[in-house]
Amino acid sequence: MFERLTRQPDDPLLALIGIFKADPRADKVDLGVGVYRDEAGHSPIFRAVKAAERLIWESQDSKAYVAPEGDQAFLDLLWAMVGGKSSPVYAAGVQTPGGSGALRLAADLIRQAGTGKIWLGLPSWPNHAGIFAAVGLQIETYPYFDVPSQTLQLDSMLAALQRAAPGDAVLLHASCHNPTGAPLSTDDWARITAVIAARGLVPLIDSAYQGFGAGLEGDVAGLRALIAAVPEALVAVSCSKSFGLYRERTGALYAVAAAKAAAETARSNLVAIARTSYSMPPDHGSAIVKTILGTPALYEDWSNELDSMRERLASLRRSFAAALGDRWSNSLAIGKQEGMFSLLPLTPAEVMSLRDKHGVYMPTSGRINVAGLKLSDVTRVAGLFRSI
Ligand SMILES: Cc1ncc(COP(=O)(O)O)c(C=O)c1O
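Rules of the game
- Sequence positions are assigned chain by chain, starting from 1 and proceeding in written order.
- In keeping with the model being predicted, local features are shown solely for residues with a pLDDT of at least 70 and side-chain atom pairs are shown and tallied solely at 80 or more, while totals for entire chains, interfaces and linings include all residues.
- Water and hydrogen atoms play no part in the side-chain values, which are based on all heavy atoms of the structure.
- Strands are runs of DSSP state E lasting at least 2 residues, helices are runs of H or I lasting at least 4, and numbering of each runs from the N terminus.
- Burial here depends on accessible area, computed with a 1.4 Å probe over protein chains only, as a share of the maximum for the residue type. Under 20% is buried, over 50% is exposed, and the range in between is partly exposed.
- Contacts: residue pairs with any heavy atoms within 4.5 Å of one another.
- The domain limits used here are those given by an automatic or database domain assignment.
- Buried surface area refers to the total accessible area, computed with a probe of radius 1.4 Å, that the two partners give up upon joining, counted for both partners together.
- Salt bridges are defined by distance alone: a side-chain nitrogen of Lys or Arg within 4 Å of a carboxyl oxygen of Asp or Glu.
- Asp, Glu, Lys and Arg are counted as charged, while Ala, Val, Leu, Ile, Met, Phe, Trp, Tyr, Cys and Pro are counted as nonpolar; the rest, among them Gly, fall into the polar class.
- We call a residue near a given molecule or strand whenever any one of its heavy atoms falls within 4 Å of it.
- Polar contact is defined as a pair of N or O atoms within 3.5 Å, subject to the rule that within protein one atom must be able to donate a hydrogen and the other to accept it, and that residues adjacent in sequence are counted only when both atoms are side-chain atoms.
- All accessibility values rest on the Shrake-Rupley procedure with a 1.4 Å probe; residue burial counts only the protein chains present in the view.
- For Phe, Tyr and Trp, rings pair up if their centres lie within 6.5 Å, where Trp contributes its six-membered ring, and each pair is then called stacked (planes under 30 degrees apart), edge-to-face (over 60) or tilted (otherwise).
- Two limits define a charge over a ring: the Lys NZ or Arg CZ must be within 6 Å of the ring centre, and within 35 degrees of the ring normal.

This part takes up the overall build of the protein. From N to C terminus, the protein includes 15 helices and 13 strands. Along the longest, intermediate and shortest principal axes, the C-alpha atoms of the protein span 60 × 55 × 55 Å. Here the protein holds 388 residues, and the buried ones make up 52% of them. At a minimum sequence separation of 6, the contacts of the protein that also span at least 24 residues come to 75%.

Here it is in structure tokens:
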């Protein structure tokens, strides 16, 4: 059987980790991998996560199965953070292995419900297309961002969505768009919401960076307005970045509807899909998130630490954009984007030249993780970008 298989290429972003590690240069810079890094280049564990782990270690008395839908207390606390404490909609959640697991479950549900098509922005997180194609969904695209001018393509996006058929699914990023960092204003969200509601489209909102852009509330304001305006939506949440729990595979998918019965029917399908896939989600990460969100002192400490990460990203962006100067016609836009990523107008040859000559690493798409910069090194690195 195995000999009938063809070898699959390595994921280029994951392959980059190995190439970076093997580079002996002391001043090399990793702008590739999508994890938050501090000024020392370290991807830290939140203080509140450590404290929660200690509490769990002391109090947990069983490792027996939880349930295919996961831990309801975790789901309720996480939804209060994402959807708001007094959300006007009903959200029926299932806990998933990370945001990717939530997106895959959403893809399966969309397919199971007989919807054939999902609309993705150009560009989007590369794994989006892979996940939806894997279940046989047809992928359509809407323009989102113009890389050379670093501008949002809102009018073209809305014109494309006007051509979507009622019932089609549409993927949106809640905030901190990966890979472009291009923010949506309140007015942009209102216009997108109006088209989605008028066309009868079903939004799937991917929320993977809450707290990294406009803060814990600001990053979900558009999402909240949208789900309140449509009869049905899906919300995929990742705790990987917001709680620094990447390897613990922590997330959730919520079926959101105005009517409780509809959301609960969707949830029963999600549970059935999960049962024949991974059966039960991992528990450790969700136990940590539940402990933090449910313990006022830990919540306070976690949200303060998250705030300082957001502020570090914003100040790195401002310094980097200023130091790039007139490298591109709209270099300053990079300073106003949000979250960890920006998509720079670099050719693959320029990306390779930065890597080979200067030890600056990023994928050939030109996406950079701003958190890979150091405030003490921004001017030097920007100079390298100006030199190629
Ligand atoms: C936009 C977006 N969605 C979802 C995810 C999934 O994250 P995870 O599966 O690690 O929770 C990521 C991770 O990089 C992402 O960038």
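This paragraph deals with unusual backbone geometry. The residue after Leu122, namely Pro123, is reached through a cis peptide bond having omega -5°. Structurally, the position occupied by Pro123 is in the loop between β3 (117–122) and α5 (126–134). Cis geometry is adopted by the peptide bond preceding Pro179, which originates at Asn178 and carries an omega value of 20°. The topology assignment puts Pro179 in the loop between β7 (169–173) and α7 (186–199). With a phi close to 55°, Gln150 is a non-glycine residue in the positive phi region. You can see Gln150 is positioned in the loop between β5 (145–146) and β6 (151–152). Judged by its relative accessible area of 6%, Gln150 falls in the buried class. The backbone phi angle of Cys176 is positive, close to 50°, even though this residue is not glycine. Residue placement: Cys176 occurs in the loop between β7 and α7. Cys176 gets classed as buried once you look at its relative accessible area, which sits at 2%.

With that out of the way, let us pick up the domain arrangement of the protein. Structurally, the protein comprises domain 1 (10–44 + 308–387) and domain 2 (50–296). Look at where the C-alpha atoms of domain 1 and domain 2 centre, and you get two points 27 Å apart. With 22 residues of domain 1 in contact, the opposing surface of domain 2 contributes 25 residues. Considering only the surface of domain 1 that becomes buried against domain 2, Arg310, Glu338 and Leu343 emerge as the three largest contributors, covering 36% of it. On the surface where domain 1 and domain 2 come into contact, there are zero salt bridges. Only α12 (296–324), α13 (333–336) and β11 (341–343) provide two or more residues apiece to the side of domain 1 that touches domain 2. Tallied by class, the residues present in the side of domain 1 that touches domain 2 amount to eleven nonpolar, seven polar and four charged.

Turning our eyes to something else, we now look at the site of the ligand. With respect to spatial proximity, 13 residues lie near the ligand, and among them Ser100, Asp206, Tyr209, Ser238 and Ser240 are the closest. Within the contact set of the ligand, an oxygen atom lies 2.6 Å away from a side-chain nitrogen or oxygen of Tyr209. Relative to its unbound accessible surface of 390 Å², the ligand loses 90% to contact with the protein. Sort the elements by how many residues they give to the shell around the ligand and helix α4 (residues 98–112) lands first, with four residues.

It is worth spelling out the side chain of Ser124 at this point. Relative to the helices and strands, Ser124 is located in the loop between β3 and α5. Engagement of the side chain of Ser124 in a polar contact is seen with the side chain of His128, the distance being 2.8 Å. Polar side-chain contacts of Ser124 include one of 2.9 Å to the side chain of His173. In this structure Ser124 touches Leu171, His173, His177, Asn178 and Pro179, once residues within four positions along its chain are discounted.

So, on to the packing of aromatic side chains. Inspection of every chain in the model, using the stated rule, returns eight aromatic pairs. Members of the aromatic cluster, joined through ring pairs, are Tyr36, Tyr209, Phe212 and Phe341. One Lys or Arg, Lys28, reaches over the ring of Phe20 and ends 4.5 Å from the middle of that ring. Positioned above the aromatic ring of Phe341, the side-chain terminus of Arg367 is 3.8 Å from the ring centre.

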